[in-house]
Amino acid sequence: MPLALLLSRIRLPPAAMASTRSASSARLVRASRAEANPVVREVKRESSVSFDISKPESPSVKRKRVKRELEENGEHPVKQVVPDIEDFRYDKTKALISSIKVEKKARVSAVIKVGAPENWEAVLRGIKNMRLSGQAPVDTKGCEKAGSLLPPKERRFAVLISTMMSSQTKDEVTHAAVERLSENGLLDPDAIVRTDEAMLANLIKPVGFYQRKAQFIKEASKICLERFGGDIPDSLNELLALRGVGPKMAHLVMSIAWKNTQGICVDTHVHRISNRLGWVFREGTKQKTTTPEQTRISLEKWLPKDEWEPINPLLVGFGQTICTPLRPKCDMCGINNLCPSAFKESSSPNPKQKKTRSP
């Protein structure tokens, strides 16, 4: 039916008829353009497609909108626990505590073996030969001798107390202090706890830092009574938890008192001599170690474990008699032909003294 006849039969309001005519005209124009240029095609826009180029909504706004739409449709969104961004902040305190725990665990863990120094076995044999006389102070008055005639439990406590006093103190002075405590019946944790701290300090004097050590000894004695039935801790970590007990002391006590060697006891003599011999280096370098703890870690990487316990008294006695801190007696040393530090430190006030090496 012709369009004009159809429109004449349908009565529409004037505005609607104008709109209809306009739409028909637009379709005719598009059709004619398509016929004139067949490459051009009409693109139909779907009502759901948005060409909004405004600023995108933020994640928080989007979450709120989705939640609102779900609630309007009668649905309940599943609540998800998402860590707040604050949870990922770097906490220096936590990081420091974590690093300390990791470091402490690493200290008592198995060590990685590395290449041993050249000629170390010959050097060790030479030192052992020089120490056969047993005339060094450590041989008769070291911490190993503390309470040697006491029953096992009492002896272990005496070893702990002797070791706590030995820091920065000569063996002769420490041994004499142990003897005074024994004479006063104070090689016992209960007796020490009941003793005045000032009196205890006076008895162990002139041990280095005797007043502070008296305080630490009283605290340790109380812990031994309350937590270990009057005995001493039997683990490295529990010994290290006692105030005044460092790694050197803890390893020494474990070796002497419990016959359980978990590491090398490194004091000032072992630290000095190991560096002079070129046995130890800071990790990843060829530089000398600067602390006893660095020396311990370096030694444990290559020294056979059956040498861990005897190496301390061996080198301590060697350091007390021949490889002394000042003016080492290199001319008397039986391994001066193997030592990289031989004669490099003045052995006497006269620097022009003739240098003679062992054959």
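The present account deals with the structure reproduced in this document. Remember, predicted model here, so these are calculated numbers, not experimental data. For every chain, the first residue of the written sequence is number 1, and numbering continues from 1 onward in sequence order. Given that this is a predicted model, residues contribute local features only at a pLDDT of at least 70 and side-chain atom pairs are listed and counted only at 80 or more, while totals for whole chains, interfaces and linings are drawn from all residues. For the side-chain quantities, the full set of heavy atoms in the structure was used; hydrogens and water were omitted.

**Things to note about the packing of helix H7 (residues 152–166) against helix H11 (residues 210–228)**
Then comes step 1: Lines fitted to the C-alpha atoms define the axes, with helices restricted to the stretch that makes contact. Angles between their N-to-C directions range from 0 to 180 degrees. Helix and strand labels come from DSSP, where a helix needs a run of H or I of at least four residues and a strand needs a run of E of at least two; each type is numbered from the N terminus. Taken N-terminus to C-terminus, the directions of H7 and H11 make an angle of 155°; their axes are 10 Å apart at the nearest point. Between H7 and H11, the crossing angle belongs to the class labelled roughly antiparallel. Read as a crossing pair, H7 and H11 show a hand that is right-handed. The residues of H11 that touch H7, namely those facing Phe-157, Leu-160, Ile-161, Met-164, Met-165 and Ser-166, are Lys-213, Phe-216, Ile-217, Ala-220, Ser-221 and Cys-224.
Then comes step 2: A per-class count over the contact of H7 with H11 returns nine nonpolar, two polar and one charged. Convention used here: angles under 35 degrees read as roughly parallel, angles over 145 as roughly antiparallel, angles from 65 to 115 as roughly perpendicular, and any remaining angle as oblique. Crossings are classed by handedness, with left-handed meaning an anticlockwise turn of the near helix from the far one by less than a right angle and right-handed meaning a clockwise turn. Two residues qualify as a contact provided that any one of their heavy atoms is within 4.5 Å of a heavy atom in the partner residue. Each residue is assigned to one of three groups, with Ala, Val, Leu, Ile, Met, Phe, Trp, Tyr, Cys and Pro labelled nonpolar, Asp, Glu, Lys and Arg labelled charged, and all others, Gly among them, labelled polar.

**A short note on the packing of aromatic side chains**
Then comes step 1: Ring pairs shown here join Phe, Tyr and Trp side chains whose ring centres sit within 6.5 Å, with only the six-membered ring taken for Trp; geometry is labelled stacked below 30 degrees between planes, edge-to-face above 60, and tilted in between. Taken as a whole and judged by the stated rule, the model has two aromatic pairs.
Then comes step 2: Where Trp-279 meets Trp-302, the ring centres are 5.5 Å apart and the plane angle is 80°; that geometry is what we call edge-to-face. On the criterion of sequence distance, the pair formed by Trp-279 in the loop between helix H14 (268–276) and helix H15 (292–300) and Trp-302 in the loop between H15 and helix H16 (308–321) is long-range, its members being 23 residues apart. Comparing Trp-279 with Trp-302, the two get one shared label, buried.
Then comes step 3: Among the aromatic residues, those joined into a cluster by ring pairs are Trp-120, Trp-279 and Trp-302. Residue burial is assigned from relative accessible area. The probe radius is 1.4 Å, only protein chains are included, and a residue is buried under 20% of its type maximum, exposed over 50%, and partly exposed in between.

**Some points on the pattern of salt bridges**
Then comes step 1: Salt bridge, as used here, is a side-chain nitrogen of Lys or Arg placed within 4 Å of a carboxyl oxygen of Asp or Glu. Taken as a whole and assessed by the stated rule, the structure comprises nine salt bridges.
Then comes step 2: With a closest N to O distance of 3.3 Å, Glu-307 and Lys-128 form a salt bridge. With Glu-307 in the loop between H15 and H16 and Lys-128 in helix H5 (residues 120–130), this pair connects stretches of sequence that are 179 residues apart.
Then comes step 3: We classify Lys-128 as partly exposed; its relative accessible area is 34%.
Then comes step 4: The partner of Glu-345 in a salt bridge is Arg-276, with the nearest N and O atoms 2.9 Å apart. Of the two residues, Glu-345 is situated in the segment after H16 and Arg-276 in helix H14; the sequence distance between them amounts to 69 residues.
Then comes step 5: Judged by relative accessible area, Glu-345 falls into the partly exposed class, the value being 33%.

**Some details on the nonpolar core**
Then comes step 1: Here, nonpolar core means buried Ala, Val, Leu, Ile, Met, Phe, Trp, Tyr and Cys residues that are tied together by side-chain atoms lying within 4.5 Å of each other. Counting residues in each nonpolar core, the largest one holds 39 residues, and the members touching the most others are Leu-160, Met-165 and Leu-181.
Then comes step 2: Only H7, helix H8 (171–183), helix H9 (189–193), helix H10 (197–204), H11, helix H12 (236–240) and helix H13 (247–257) provide two or more residues apiece to this core.
Then comes step 3: For Leu-181, the contacting residues outside a window of four places in its chain are Ile-161, Met-165, Leu-186, Leu-187, Leu-200, Leu-203 and Ile-204.
Then comes step 4: Of all hydrophobic cores here, the second largest spans 30 residues; its members include Ala-136, Trp-302, Ile-311 and Phe-318.

**Focus: the packing of H8 against H10**
Then comes step 1: Contact pair H8 / H10: the axes reach a minimum separation of 8 Å and the direction vectors enclose 135°. Here H10 runs oblique to H8, going by the angle between their axes. Residues Ala-177, Arg-180 and Leu-181 of H8 form the contact with H10, whose own contacting residues are Leu-200, Leu-203 and Ile-204.
Then comes step 2: Class assignment for the residues of the contact of H8 with H10 results in five nonpolar, no polar and one charged.

**A look at empty space enclosed by the protein**
Then comes step 1: Buriedness for pockets is judged along seven lines, at least five of which must meet protein on both sides within 12 Å for an open set on the 1 Å grid over protein atoms alone, while cavities are sets there where a 1.4 Å probe fits but cannot get out, and lining residues have an atom within 4 Å of a point. Grid points are joined across faces, edges and corners, and a volume is the space filled by probe spheres set on the points. By the definition in use, this model includes two cavities of 30 Å³ or more.
Then comes step 2: If you go around the largest cavity, you meet 16 residues; those closest to its centre are Arg-276, Cys-323, Pro-328, Cys-330 and Cys-339.
Then comes step 3: Among the residues forming the lining of the largest cavity, the class breakdown is eleven nonpolar, two polar and three charged.

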